[in-house]
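One-letter residues, chain by chain:
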Amino acid sequence: MARRPVAAVAAVTLMLEAVGIALLNWILGLVVDRQQMSMGGLDTDAMSIGAWVAGGLFGLYLLVCGVVLLRTAVRDRAPGRLARILLITCAVVHGLLGAFAVGLVGWLAFGWLMVVLGLIVLTLLGYEPERPAEPAEPAAEAAGGGHDAPSPA
């Protein structure tokens, strides 16, 4: 099955996206700071620091999601409950960003975000959560057909 390569590609993609988002927000913060831009009377320093912090936090979030996917690919086991929740939130974020990207950035950005969304969803579906094994019935009960049948005496 191709679940390991899909998880590995999704992991690398999210890690590259994390670096790209952090770099984009770093540049945005520099532009705001050097141009002395303000929006609604906000301080220029507050806006540039806000862009840097937001880019760093979102990049860290994407990096953690990428590490979870990479760990899943290396171990070839389903992620745990918290890791699945993290990956589901990452998929939802990519869906929402894709919806906004169509109008703000264009179809190319939308397509990229949908590819990443698809990789995350494929990984989640490929690694179903492990279910606890049901206890096996004893061989004597299964062969006898009855549970509390009296023994012939």
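Residues numbered from 1 in each chain as written. Predicted model: local features only at pLDDT ≥ 70, side-chain atom pairs only at ≥ 80, totals over all residues. Heavy atoms only, no water.

Taken together, the side chains of Ile88, Val92, Leu96, Phe100, Leu104 and Val105 present a nonpolar region at the surface, about 660 Å² in accessible area. Here Leu96 is to be found in helix α3 (residues 81-104). Among the residues examined, Leu96 registers a relative accessible area of 48% and is labelled partly exposed. (Patch = residues over 30% accessible without salt bridge, like charges linked within 9 Å, V, L, I, M, F, W, Y side chains within 5 Å. Areas by Shrake-Rupley, 256 points an atom, 1.4 Å probe, with all protein chains shown as cover. Salt bridge = Lys/Arg side-chain N within 4 Å of Asp/Glu carboxyl O. Helix = DSSP H or I, 4+ residues; strand = E, 2+ residues; numbered from the N terminus. Buried < 20%, exposed > 50% of the residue type's maximum accessible area, 1.4 Å probe, protein only.)

Right, let's get into the packing of α3 against helix α4 (residues 107-126). Contact geometry for α3 and α4: axes closest at 8 Å, N-to-C directions at 160°. Of the possible angle classes, the one that applies to α3 and α4 is roughly antiparallel. In the crossing of α3 with α4, the sense of the turn from one axis to the other is left-handed. In this structure, α3 uses Arg84, Leu87, Ile88, Cys90, Ala91, His94, Gly95, Leu97, Gly98, Ala101 and Val102 to contact α4, whose residues at the interface are Trp107, Ala109, Phe110, Leu113, Met114, Val116, Leu117, Ile120, Val121 and Leu124. The residue makeup of the contact of α3 with α4, split by class, is 17 nonpolar, three polar and one charged. (Axes fitted to C-alpha atoms, helices over the stretch in contact; angles between N-to-C directions. Parallel < 35°, antiparallel > 145°, perpendicular 65-115°, else oblique. Left-handed = near helix turned anticlockwise from the far one by under 90°. Contact = heavy atoms within 4.5 Å. Nonpolar A, V, L, I, M, F, W, Y, C, P; charged D, E, K, R; others polar.)

Another aspect to go through is the environment of Arg84. Topologically, Arg84 is positioned in helix α3. A sequence separation of 40 residues divides Arg84 from Leu124, and the C-alpha atoms of the two residues are 7.4 Å apart. Looking at Arg84, its side chain comes within polar contact range of the main-chain oxygen of Leu124, at 3.3 Å. (Polar contact = N/O pair within 3.5 Å; in protein donor to acceptor, adjacent residues only side chain to side chain.)

The next thing to look at is the pattern of salt bridges. With the rule as written, the count across this model stands at one salt bridge. Here Asp76 makes a salt bridge to Arg3, at a shortest N to O gap of 3.2 Å. Placement of the pair is Asp76 in the loop between α2 (44-75) and α3 and Arg3 in helix α1 (residues 3-35), with a sequence separation of 73 residues.

Attention now moves to α4. For an α-helix, 3.6 residues make a turn, and residues three or four places apart therefore share a direction. Taking 1.5 Å of rise per residue, the 20 residues of α4 would be expected to cover 28 Å, and the 28 Å separating its terminal C-alpha atoms lies within 8% of that figure. Three or more residues of α4 are buried, namely Leu113, Val116, Leu117, Leu119, Ile120, Thr123, Leu124 and Gly126. In the core, the buried residues of α4 are packed alongside α1, α2 and α3. (Expected span 1.5 Å × (residues − 1).)

Summarising the element assignment, Asn25 is placed in helix α1. What Asn25 contacts, discounting residues up to four positions off in sequence, is Ala51, Trp52 and Gly55.

Geometry only, nothing functional implied.
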